[in-house]
Amino acid sequence: MSCNWGTELWDQFDNLEKHTSWGIDFLERYTKFVKERADIELSYAKQIRSLSKKYHPKRNREDESRYTWFVAFAATLQQLNELAIQREDLAENLNAQIVCELTRYTQELKTERKSHFQDGRRAQQHIESSWKQLESSKRRFERDCKEAERAQHVSDKIDLDNKTDGEKARQTAQQKQQAAEESRKDYVTSLNQFNQDQHQHYHTLVPVIYQRIQDMEERRIERIGEAMRSLAEAERKVLPVVSRCLDAMMEAAESIQPRKDTRQVVEVYKSGFDPPGDVEFEDYSATMRRSISESSYLDNRTEERRQSRKLWPFIRKTKVYAHIYVSVMVNPAACTLIYVIF
């Protein structure tokens, strides 16, 4: 449906001025919105980059890099850093493609709007001046007609009373009538001029000026639509990279192998020793037996203690025992000699 502000809104100059001013305010507000959106993206990217740096390994430790869960987390941090880069690129595009362009366009739009409404005010002032001229000539014509009528009434009355004064009154009446005729001509001229100016104002000047304002408003609305599309397009451009980063994070998570990591723990910490055997029963009631000699009893206790040390090498009763165990671990061949010394 087509519309023309010049013909349909010919008497709404003030409302059009308010509407277009509100439109420019909205354009500035939308520009501010995109600017703040870009600032949020930059802040988000900075925080993500800082988080990735904070939890990234300070150095490549061999014991950590053996495990799939640790490698997966390091890969996730790398992809997180890449996401931060994409957010920075998005913020840069928003500032360069939308914020700067809309700021420049807003200034141009303000200048154009000011020019159009100045033309409208000049046209309005011209028609108002023409109307004032018409009103002035009309009031003068009305006044002269009333004065001519009064002069004629006086002249007619004097003719009846005094013929000498009547001649003078007739001359005055004629002069007033001539002045009224001149006023009538001026009034007619002013009326024709006003009608001509009014026709030109409402059928030529106003439609042209209002059409320019309408075109300006449509361009403003179209530019807002383009800015919104640019915003969505800028966001869409980073989505493929963001999607690849998320896919890489998923692959890193799926690469975690619990069984492999537990086997790795065995390879790192396995000592190679066999578990200790059963602990033998120590018969303390043997001391009550009179048939066993004291020397035989002492020999049995010494042998039992030696066997106890071999079964539980990790029990550290004294520093001497610990030293003996370490010596045995280092040089099992010297075990007999060490026991003899002890």
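Residues numbered from 1 in each chain as written. Predicted model: local features only at pLDDT ≥ 70, side-chain atom pairs only at ≥ 80, totals over all residues. Heavy atoms only, no water.

- As recorded in an unreviewed UniProt entry, the protein chain goes by F-BAR domain-containing protein and comes from Astatotilapia calliptera.

## Description of empty space enclosed by the protein
So, point 1. Taken as a whole and judged by the stated rule, the model has one cavity of 30 Å³ or more.
So, point 2. The calculated volume of the largest cavity comes to roughly 30 Å³.
So, point 3. Lining the largest cavity, in full, are Ala 123, His 126, Ile 127, Asp 197, Gln 200, His 201 and Leu 205.
So, point 4. Elements with a minimum of two residues in the lining of the largest cavity: helix H4 (68-161) and helix H5 (163-254).
So, point 5. The greatest single-element share of the lining of the largest cavity, amounting to four residues, is contributed by H5.
So, point 6. A per-class count over the lining of the largest cavity returns three nonpolar, three polar and one charged. (1 Å grid on protein atoms, 1.4 Å probe; cavity = no way out; pocket = protein on both sides within 12 Å on 5 of 7 lines; lining within 4 Å. Points joined across faces, edges and corners; volume = space filled by probe spheres on them. Helix = DSSP H or I, 4+ residues; strand = E, 2+ residues; numbered from the N terminus. Nonpolar A, V, L, I, M, F, W, Y, C, P; charged D, E, K, R; others polar.)

## Comments concerning the confidence of the model for the protein chain
So, point 1. Overall, the prediction assigns the protein chain a mean pLDDT of 83, with 79% of residues at 70 or greater.
So, point 2. Of all helices and strands in the protein chain, the one with the weakest mean pLDDT is helix H9 (residues 335-341) (39), whereas helix H2 (residues 13-55) scores best (95).
So, point 3. Confidence over residues 309-342 falls short of pLDDT 50; this stretch has 23 contacts with residues more than four positions distant or in other chains. (pLDDT = per-residue confidence, 0-100. Contact = heavy atoms within 4.5 Å.)

## A short note on a nonpolar patch on the surface
So, point 1. On the surface, a nonpolar cluster with roughly 290 Å² of combined accessible area is contributed by Leu 51, Tyr 55 and Phe 73.
So, point 2. Within the secondary structure, Tyr 55 sits in helix H2. (Patch = residues over 30% accessible without salt bridge, like charges linked within 9 Å, V, L, I, M, F, W, Y side chains within 5 Å. Areas by Shrake-Rupley, 256 points an atom, 1.4 Å probe, with all protein chains shown as cover. Salt bridge = Lys/Arg side-chain N within 4 Å of Asp/Glu carboxyl O.)

## A word on the packing of aromatic side chains
So, point 1. By the definition in use, this model includes eight aromatic pairs.
So, point 2. The interplanar angle of 40 degrees and the centroid separation of 5.7 Å between the aromatic rings of Tyr 30 and Phe 33 together place this pair among those described as tilted. One end of the pair is Tyr 30 and the other is Phe 33, both in helix H2 and three residues apart, which spans about a single turn.
So, point 3. Three or more aromatic residues link up through ring pairs in this structure, and these residues are Phe 13, Phe 117 and Tyr 210.
So, point 4. One residue, Arg 223, lies across the ring of Tyr 105, its end atom 4.2 Å from the ring centre. (Phe/Tyr/Trp six-rings, centres within 6.5 Å; stacked < 30°, edge-to-face > 60°. Lys NZ or Arg CZ within 6 Å of the ring centre and 35° of its normal.)

## Side note on the pattern of salt bridges
So, point 1. For the structure on display, the rule yields 19 salt bridges.
So, point 2. The partner of Arg 220 in a salt bridge is Glu 217, and the shortest N-O contact between them spans 2.6 Å. In this pair, Arg 220 and Glu 217 are both assigned in helix H5, three residues apart and thus about one turn of the helix distant.
So, point 3. Look at Glu 217 and you get buried, because its relative accessible area is 4%.
So, point 4. If you follow the salt bridges from partner to partner, you end up with Arg 37, Glu 41, Arg 87 and Glu 235 in one network. (Buried < 20%, exposed > 50% of the residue type's maximum accessible area, 1.4 Å probe, protein only.)

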